[in-house]
Amino acid sequence: QVQLVESGGGVVQPGGSLRLSCAASGVRLDYYATGWFRQAPGKEREQISCISSSDNPYYTDSVKGRFTISRDNAENTVYLQMNSLKSEDTAVYYCAAGLVPFGWGPGTQVTVSS
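Everything numeric in this text was worked out from a predicted model, so none of it was measured.

Q: How do you make sense of the pairing of strand β7 (residues 67-72) when you look at a structure like this?
A: The side chains of a regular strand alternate, residue by residue, between the two faces of the sheet. The side-chain alternation of β7 yields one buried face, formed by Phe-67, Ile-69 and Arg-71, and one unburied face, formed by Thr-68, Ser-70 and Asp-72. Alignment of β7 against strand β8 (residues 77-82), held across six bridges, turns out to be antiparallel. Bridged to Ser-70 within β8 is Tyr-79. Count of turn residues in the β7/β8 antiparallel hairpin: four residues, of which Asn-76 carries a positive phi of about 55°.

Okay, here's the thing in structure tokens:
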């Protein structure tokens, strides 16, 4: 019923950019805080960004100044613009809604490699 689907991942060179999308059905994302998470090989999942129901953004230090989270309520979609990508950003990226996250999507692979 509740489904979030991530898209926009791919392979990019260091310093490049990607924009990820998190499209929701069965839930209005503007009713909840919505977060972006990532999991790199051999590492635990970490939260890297979120946007509150009042559109206040938050970022972890490792992505601050490089990533921008935004929301389009008409499209019921949350975006993550990623600039100045580094090899350390290589991971599967996920989105989920709520302070206790729910509606996890299947993830989208981001690979940063020269």
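Continuing now.
Q: So what exactly am I meant to see when it comes to the sheet that holds β8 here?
A: Paired through their backbone hydrogen bonds, the strands of a sheet run either parallel or antiparallel. Pairing is antiparallel in the open sheet, where four strands are placed in the order β1-β3-β8-β7. Two strands close off the open sheet at either side, each with one partner strand: β1 (3-7) and β7. When strand polarity is set aside, the average angle formed by the axes of neighbouring strands in this sheet is 15°. Examined bridge by bridge, strand β3 (residues 18-25) and β8 share six bridges and lie antiparallel to one another. Paired with Arg-19 across the strands is Gln-81, a residue of β8.

Q: Could you clarify how one ought to interpret the nonpolar core in this entry?
A: Soluble, globular proteins show a tendency: their nonpolar side chains are buried together. Of all hydrophobic cores here, the largest spans 25 residues; its most connected members are Trp-36, Phe-67, Leu-80, Met-82 and Tyr-93. At the level of elements, β3, β5 (46-51), β7, β8, β9 (91-97) and β10 (108-112) are the ones that each hand at least two residues to this core. Setting aside residues up to four positions removed in sequence, Tyr-93 forms contacts with Glu-6, Leu-20, Trp-36, Phe-37, Arg-38, Ile-48, Phe-67, Leu-80, Met-82, Gly-107, Thr-108 and Val-110.

Q: Explanation requested: the side chain of Ser-49 in the structure shown.
A: Topologically, Ser-49 is positioned in strand β5. According to the relative accessible area criterion, Ser-49 is buried, its value standing at 2%. Among the polar contacts made by the side chain of Ser-49, one reaches the main-chain carbonyl oxygen of Tyr-58 at a distance of 3.0 Å. Once you skip the residues sitting within four places of it in the chain, Ser-49 turns out to touch Gly-35, Trp-36, Tyr-58, Tyr-59, Ile-69 and Leu-80.

Criteria and cut-off values
- Residues numbered from 1 in each chain as written.
- Predicted model: local features only at pLDDT ≥ 70, side-chain atom pairs only at ≥ 80, totals over all residues.
- Heavy atoms only, no water.
- Buried < 20%, exposed > 50% of the residue type's maximum accessible area, 1.4 Å probe, protein only.
- Helix = DSSP H or I, 4+ residues; strand = E, 2+ residues; numbered from the N terminus.
- Pairing = 2+ DSSP bridges.
- Axes fitted to C-alpha atoms, helices over the stretch in contact; angles between N-to-C directions.
- Core = buried A, V, L, I, M, F, W, Y, C linked by side-chain atoms within 4.5 Å.
- Contact = heavy atoms within 4.5 Å.
- Polar contact = N/O pair within 3.5 Å; in protein donor to acceptor, adjacent residues only side chain to side chain.

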